[in-house]
Amino acid sequence: MSEFLTTVSSAVAWIKGLAGRHELFFPLKHGSANYSFQPAGPSADIQFEKYRPTIVPPVKKMLPARDTLFTFVKSPSGEPTVTPTLDTAPRILAGVRPCDLKGIHLMDTIFENGVADAYYAARRANTAVIAYACPKPCDDRAFCHAVDSLDHRAGADVILTPLKGDDMLVEALTDKGREMLAGVDFPKCADAAARKVGAVAARPEPFGRALGAKVSALPAVIKKQWKSDLWDKHTERCFSCGSCNLVCPTCYCFDVQDDLNLDTTSGHRTRTWDACMLPEFAAVAGGHNFRPNAAARQRHRVKRKFEYLTERFHEGAFCTGCGRCGRQCTAGIDILDIVKDLASAEVES
Ligand code: SF4
Ligand code: SF4
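(A) Region of interest: the overall build of the protein chain. The secondary structure content of the protein chain amounts to 11 helices and 11 strands. Over its C-alpha trace the protein chain gives a radius of gyration of 22 Å, about what one expects of a compact globule, namely 20 Å for 349 residues. A principal-axis box enclosing the C-alpha atoms of the protein chain has dimensions of 70 × 65 × 40 Å. Looking at the 349 residues of the protein chain, the share that counts as buried comes to 49%. A sequence separation of at least 24 residues applies to 72% of the contacts in the protein chain between residues at least 6 apart. Of the roughly 16500 Å² of accessible surface on the protein chain, 55% is carried by carbon and sulfur atoms. Averaged over its 44 positive side-chain charges, the protein chain has a centre that lies 2 Å from the centre of its 41 negative ones.

This is how it looks when you write it as structure tokens:
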């Protein structure tokens, strides 16, 4: 049995203890209002309740903004030697919310599809995840429940569920999770299933914003809206800055660049995040741009989250409802508003 019942303070002490063995990241205050996944040690202010979604989601620990893939050097005879720079350092991501857990799970799906991405895979294999089941919406941007992310569990090694009062249910889901809990003196929990039902029942209803349509219906709905005026309506204020892509836990597009050292015989290859909302993203040789205006780019972004990848991988929406894109958009554009409008236009027609 891998279910335990403890208190919030004991769970925090356990997490802090893990930091002595591996690098451990937890969402900590960053500036006056924001949070970010930062290295957390024994003196870190670990709190589950006070939380606002981090600007950068935790999955990006496996996909950094700038990642050196390999170095290369040419020998005097002209033979190149390529040395991959795989990151295999063990780390723990703790305090991961269900929406971000779903983000990690979807990125696992993408990067393990076909030929696995060795760089993502190396970091993922060496990362343990301690998730925290949310008892309330983190703010009024979140819509995790509407896209079926609120009860997501796949990808976690341990899940913490806050219960009545100061109680905390601790469940190990994997061998990695059981290893992290080996030796703890938490009492076993014999009625974990009933306690989880109680935790779900105690959540507010509705939980966050609603979409007004089933996720499974959206691919067909959105497909019919190719020529809709709604794409223009929802991009009138758009700056095409790409922030909505950069903060999204399910955006993974990147650009690749080789840099040559001054000796002209050695250098390195780097990949950096790219964003489909940027005007030059779909530009090709010869000067043609497949998505020259913001409305076309917004349509692509929405279809990718709710139609293309949904149909390809059968994992539901490729939007976790974390609300980051709406929260960070300077123009206040929110993907839930766009999808809601598209769904109701379908009903009206
Ligand atoms: S963050 Fe907002 S303004 Fe920037 S590209 Fe996205 S929708 Fe447009
Ligand atoms: S599209 Fe927006 S709400 Fe959906 S996962 Fe990305 S950042 Fe979160």
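(B) Examining the side chain of R97 more closely. You can see R97 is positioned in the loop between β6 (91–96) and α2 (98–111). For the buried R97, no salt bridge exists, and the shortest N-O distance to an oppositely charged side chain is 6.5 Å, to E49. With residues up to four places along the chain from it excluded, the contact list for R97 reads F48, Y51, Y132 and C134.

(C) Here's a closer look at the sheet that holds strand β4 (residues 66–74). Strand order in the open sheet formed by 4 strands is β5-β4-β11-β10, and the pairing between neighbours is antiparallel. The open sheet terminates on both sides in strands that have one partner only, identified here as β5 (80–84) and β10 (254–260). When strand polarity is set aside, the average angle formed by the axes of neighbouring strands in this sheet is 20 degrees. Pairing of β4 with β5, which is carried by 5 bridges, proceeds in the antiparallel orientation.

(D) Up close: the site of ligand 1. With respect to spatial proximity, the complete set of residues near ligand 1 consists of C238, F239, S240, C241, G242, S243, C244, M277, Q298, C329 and I333. Within the shell around ligand 1, the residues separate by chemical class into 7 nonpolar, 4 polar and no charged.

(E) Here's a closer look at unusual backbone geometry. Cis geometry is found at the peptide bond from E205 to P206, where omega equals 0 degrees. Looking at the element boundaries, P206 is found in the loop between α5 (192–201) and α6 (218–223). Unusually for a residue other than glycine, S240 sits at a positive phi of about 55 degrees. Tracing the backbone shows S240 in the loop between α7 (230–233) and α8 (243–246). On the basis of relative accessibility, which here comes to 11%, the residue S240 falls in the buried class.

(F) Fine view of the pairing of β4. With 7 bridges joining them, β4 and strand β11 (residues 266–273) adopt antiparallel strand pairing. From the neighbouring strand, F70 faces β11, where its bridge partner is R269. Between β4 and β5, which follow one another and run antiparallel, lie 5 residues, and G78 among them has a positive phi close to 100 degrees.

(G) Molecular detail of the pattern of salt bridges. One pass over the full model with this rule turns up 21 salt bridges. R153 serves as the salt-bridge partner of E171, at 2.9 Å between the closest nitrogen and oxygen. In this pair, E171 is assigned in strand β9 (residues 167–172) and R153 in the loop between β7 (127–132) and β8 (158–162), connecting sequence segments 18 residues apart. Residue classification places E171 among the buried residues on the basis of a relative accessible area of 2%. Overall, R153 belongs to the partly exposed group, its relative accessible area being 29%. K233 is paired through a salt bridge with D341; the nearest N and O atoms lie 2.8 Å apart. Here K233 is found in helix α7, whereas its partner D341 is found in helix α11 (residues 335–348), with 108 residues between them in sequence. K233 gets classed as partly exposed once you look at its relative accessible area, which sits at 44%. Classification of D341 as partly exposed rests on a relative accessible area of 22%.

(H) Spotlight on the side chain of D117. If you trace the backbone, D117 turns up in the loop between α2 and α3 (118–125). Judged by relative accessible area, which is 14%, D117 ranks as buried. At 2.8 Å, the side chain of D117 forms a polar contact with the backbone nitrogen of Y120. In this structure the side chain of D117 is engaged in a polar contact, spanning 2.8 Å, whose partner is the side chain of R271.

(I) Summary view of the state of the cysteines. A complete count under the given rule lists 0 disulfides for this structure. With no disulfide of its own, C144 lies closest to C99 among cysteine sulfurs, the gap being 6.1 Å. Classification of C144 as buried rests on a relative accessible area of 9%.

Thresholds, definitions, all that
- Residues numbered from 1 in each chain as written.
- Chains lettered and ligands numbered in written order.
- Predicted model: local features only at pLDDT ≥ 70, side-chain atom pairs only at ≥ 80, totals over all residues.
- Heavy atoms only, no water.
- Helix = DSSP H or I, 4+ residues; strand = E, 2+ residues; numbered from the N terminus.
- Rg over C-alpha atoms; globule rule 2.2 N^0.38 Å.
- Buried < 20%, exposed > 50% of the residue type's maximum accessible area, 1.4 Å probe, protein only.
- Contact = heavy atoms within 4.5 Å.
- Areas by Shrake-Rupley, 256 points an atom, 1.4 Å probe, with all protein chains shown as cover.
- Lys, Arg positive; Asp, Glu negative; His and termini not counted.
- Charge placed at Lys NZ, Arg CZ, Asp CG, Glu CD.
- Salt bridge = Lys/Arg side-chain N within 4 Å of Asp/Glu carboxyl O.
- Pairing = 2+ DSSP bridges.
- Axes fitted to C-alpha atoms, helices over the stretch in contact; angles between N-to-C directions.
- Near = heavy atom within 4 Å.
- Nonpolar A, V, L, I, M, F, W, Y, C, P; charged D, E, K, R; others polar.
- Polar contact = N/O pair within 3.5 Å; in protein donor to acceptor, adjacent residues only side chain to side chain.
- Disulfide = S-S within 2.5 Å.

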